[in-house]
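# Descriptive analysis of the structure
These are the residues of each chain, in order.
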Amino acid sequence: MTSLTLHLAAAAPAAPPLWRILTQMGYFGALSLSGGLFLALAFLLPATARGGAAERALRGLVPYIAVFTVVAAYAQYAGRIARSKLGLSFAESLSPARIGAYLGLPKEKGAWISAAAMATVQLALFALAVVLLLALRRLHGRSMAVVATAGFAVVMLAASAPSLTTAVVGMDAAANRVLKLAHILACVVWLGGLFVLAAAGLRARRSGVDGAGAFERMWVRFSAWAMGAVIAVGVSGLWLTWVHVGSFAQFVTTPYGRYLVIKLLLVAGMVAAGVYNVRVLIPAIRRARLAGDEDTVVRLALHHFPKVVTAEAVAGVGVLLIVPFLSGSARKQADGAAAGPFDWETFGIGALLVVLLIGACTAAVRLGSERSSGAAGVPAA
């Protein structure tokens, strides 16, 4: 065996165990599904559609998402116990009797609270989110929207909890904290909206023109949320890529880089599908609605659109599958230098990138709106 082979074998990390892959997928899936349902009921569902087919389709997802969240949240908590210094297997960590020993672990250097305590706080937030989910089954109208808004805030706080364990010292640490957190929250919103709207849209395929109108407005509203998520994912993703990948060669010569390429391809496919929705499908639905062609509106909004969003959601599941394999960094696996510190020059480049991404996304939406308005003989707003 050559020295190069030995070096590559040493650099390649061991594949994560199956329980870790499943618990991490379930964890992000629970955040996305519960957050997406709260988002849809609080901010996407039009007030005029309250009590209609779209709301019924969304509310029908509550028991499934609640059960999934309970199982995934506790499995992730057990996974944290298994990864702690207690030296327990995942099967042993599933026992509630292990929680006391886990909470007795000291906090890490630089942390204001122990990771075990914060994990327990996060588990409590998941429990609160499930309670709010179940409450949605009995609430209607304004009360439902208020509870859904509170639930969305709880899920965002649960997603943020692990990032808040350690104190922030210095600009570089602050940039890492903010951008990683932005990446996670944006992914939760983007994937959650896709998962929930795809599932609800498939459930409401026979609801007719009323359901089609409600879903059209929800697709439009979600496009704005997705646009913000894409901007946040784009900026934070570029930063994280720079931190973990030192050269283009590391994309193909390190395990981290290769998994990252797969993730980037999946995300690119999701972005392309989103552009197709904004530039083609939504304008086509608007043109059909303005022309009074109800059959086309129903076909596009309740049959074609959910299929496209379902394809996006499948790519999103692929992203969640890749995440557990993105441990360490390509720089370390290639024995390369660490990334430079975050400074004001980097901040300026990031700010410029944000402006460019906002401009590009706004232009895409604007052009799509002009196409639909122009085709219908209505001046663009």
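Above this text is the structure in question.
A brief structural summary. (Residues numbered from 1 in each chain as written. Predicted model: local features only at pLDDT ≥ 70, side-chain atom pairs only at ≥ 80, totals over all residues. Heavy atoms only, no water.)

### What to know about the environment of Ile285
Counting through the fold element by element, Ile285 comes out in helix α12 (residues 255-290). In this structure, the C-alpha to C-alpha distance between Ile285 and Arg299, residues 14 residues apart in sequence, is 9.1 Å. When sequence neighbours within four positions are dropped, the list of residues in contact with Ile285 reads Glu216, Val297, Leu300, Ala301 and Phe305. (Helix = DSSP H or I, 4+ residues; strand = E, 2+ residues; numbered from the N terminus. Contact = heavy atoms within 4.5 Å.)

### Notes on the pattern of salt bridges
Going through the model one piece at a time under the given rule, you end up with two salt bridges. Ionic pairing is found between Glu216 and Arg289, a salt bridge with its closest N-O pair at 3.0 Å. Placement of the pair is Glu216 in helix α10 (residues 209-244) and Arg289 in helix α12, with a sequence separation of 73 residues. Here Glu216 falls in the buried class, since its relative accessible area comes to 4%. (Salt bridge = Lys/Arg side-chain N within 4 Å of Asp/Glu carboxyl O. Buried < 20%, exposed > 50% of the residue type's maximum accessible area, 1.4 Å probe, protein only.)

### Notes on the packing of helix α2 (residues 18-44) against helix α8 (residues 141-160)
Packing of α2 against α8 brings their axes to within 8 Å, and their N-to-C directions diverge by 150°. Considering the angle they form, α2 stands roughly antiparallel to α8. α8 is crossed by α2, and the crossing has left-handed handedness. Listed contacts from α8 to Tyr27, Leu31, Ser34, Gly35, Phe38, Leu39, Leu41, Ala42 and Phe43 of α2 are Met144, Ala145, Ala148, Thr149, Gly151, Phe152, Val155, Ala158 and Ala159. For the contact of α2 with α8, the residue count by class is 14 nonpolar, four polar and no charged. (Axes fitted to C-alpha atoms, helices over the stretch in contact; angles between N-to-C directions. Parallel < 35°, antiparallel > 145°, perpendicular 65-115°, else oblique. Left-handed = near helix turned anticlockwise from the far one by under 90°. Nonpolar A, V, L, I, M, F, W, Y, C, P; charged D, E, K, R; others polar.)

### Side note on the nonpolar core
Ranked by size, the top nonpolar core spans 83 residues in total, and within it Leu31, Phe38, Leu58, Trp190 and Phe215 carry the most contacts. Of all the elements, α2 adds the most residues to this core, at 14 residues. Residues contacting Leu31, with those up to four places away along its chain left out, are Gly36, Phe126, Val155, Ala158, Ala159 and Val188. Formed by seven residues, the second largest nonpolar core is a distinct cluster that contains Leu260, Ile322, Leu326 and Ala330. (Core = buried A, V, L, I, M, F, W, Y, C linked by side-chain atoms within 4.5 Å.)

### Side note on the environment of Leu136
Along the polypeptide, Leu136 turns up in the loop between α7 (115-135) and α8. Its relative accessible area of 0% is what places Leu136 among the buried residues. Sequence separation between Leu136 and Gly151 is 15 residues, and the spatial gap between their C-alpha atoms is 9.8 Å. Discounting chain neighbours no more than four positions away, the residues touching Leu136 are Phe38, Leu41, Arg59, Met144, Val147 and Ala148.

### Things to note about a nonpolar patch on the surface
On the surface, Val67, Val70 and Val71 cluster together into a nonpolar patch covering about 270 Å² of accessible area. Looking at where Val67 falls in the secondary structure, it is placed in helix α4 (residues 62-82). (Patch = residues over 30% accessible without salt bridge, like charges linked within 9 Å, V, L, I, M, F, W, Y side chains within 5 Å. Areas by Shrake-Rupley, 256 points an atom, 1.4 Å probe, with all protein chains shown as cover.)

### Topic: α12
Along its 36 residues, α12 runs 52 Å from first to last C-alpha, staying within 8% of the 52 Å computed at 1.5 Å per residue. In the structure, α12 departs most strongly from a straight axis at Asn277, where the bend amounts to approximately 40°. Just past α12, the residue Gly292 takes up positive phi, approximately 75°. (Expected span 1.5 Å × (residues − 1). Bend = angle between axes of the 7 residues up to and from the residue.)

### Looking at the side chain of Thr23
Turning to its location among the elements, Thr23 is positioned in helix α2. Polar contacts involving the side chain of Thr23 include one to the main-chain carbonyl oxygen of Arg20, which spans 3.1 Å. When neighbours within four sequence positions are excluded, Thr23 is seen to be in contact with Ala75, Gln76 and Phe90. (Polar contact = N/O pair within 3.5 Å; in protein donor to acceptor, adjacent residues only side chain to side chain.)

### Focus on the packing of aromatic side chains
Across all of its chains, the model carries 13 aromatic pairs by this definition. With 4.9 Å between their ring centres and 65° between their planes, Tyr27 and Phe28 make a pair best called edge-to-face. Accessibility expressed as a relative area gives 5% for Tyr27, which makes it buried. With a centroid separation of 6.3 Å and 35° between ring planes, the pair formed by Phe248 and Phe251 is classed as tilted. (Phe/Tyr/Trp six-rings, centres within 6.5 Å; stacked < 30°, edge-to-face > 60°.)

### Brief notes about the packing of α12 against helix α13 (residues 294-322)
In the contact formed by α12 and α13, the axes pass within 9 Å of each other and the chain directions differ by 170°. Here α12 is positioned roughly antiparallel relative to α13, judged by the angle of their axes. Here the contact of α12 with α13 is built from residues that sort into 21 nonpolar, six polar and three charged.

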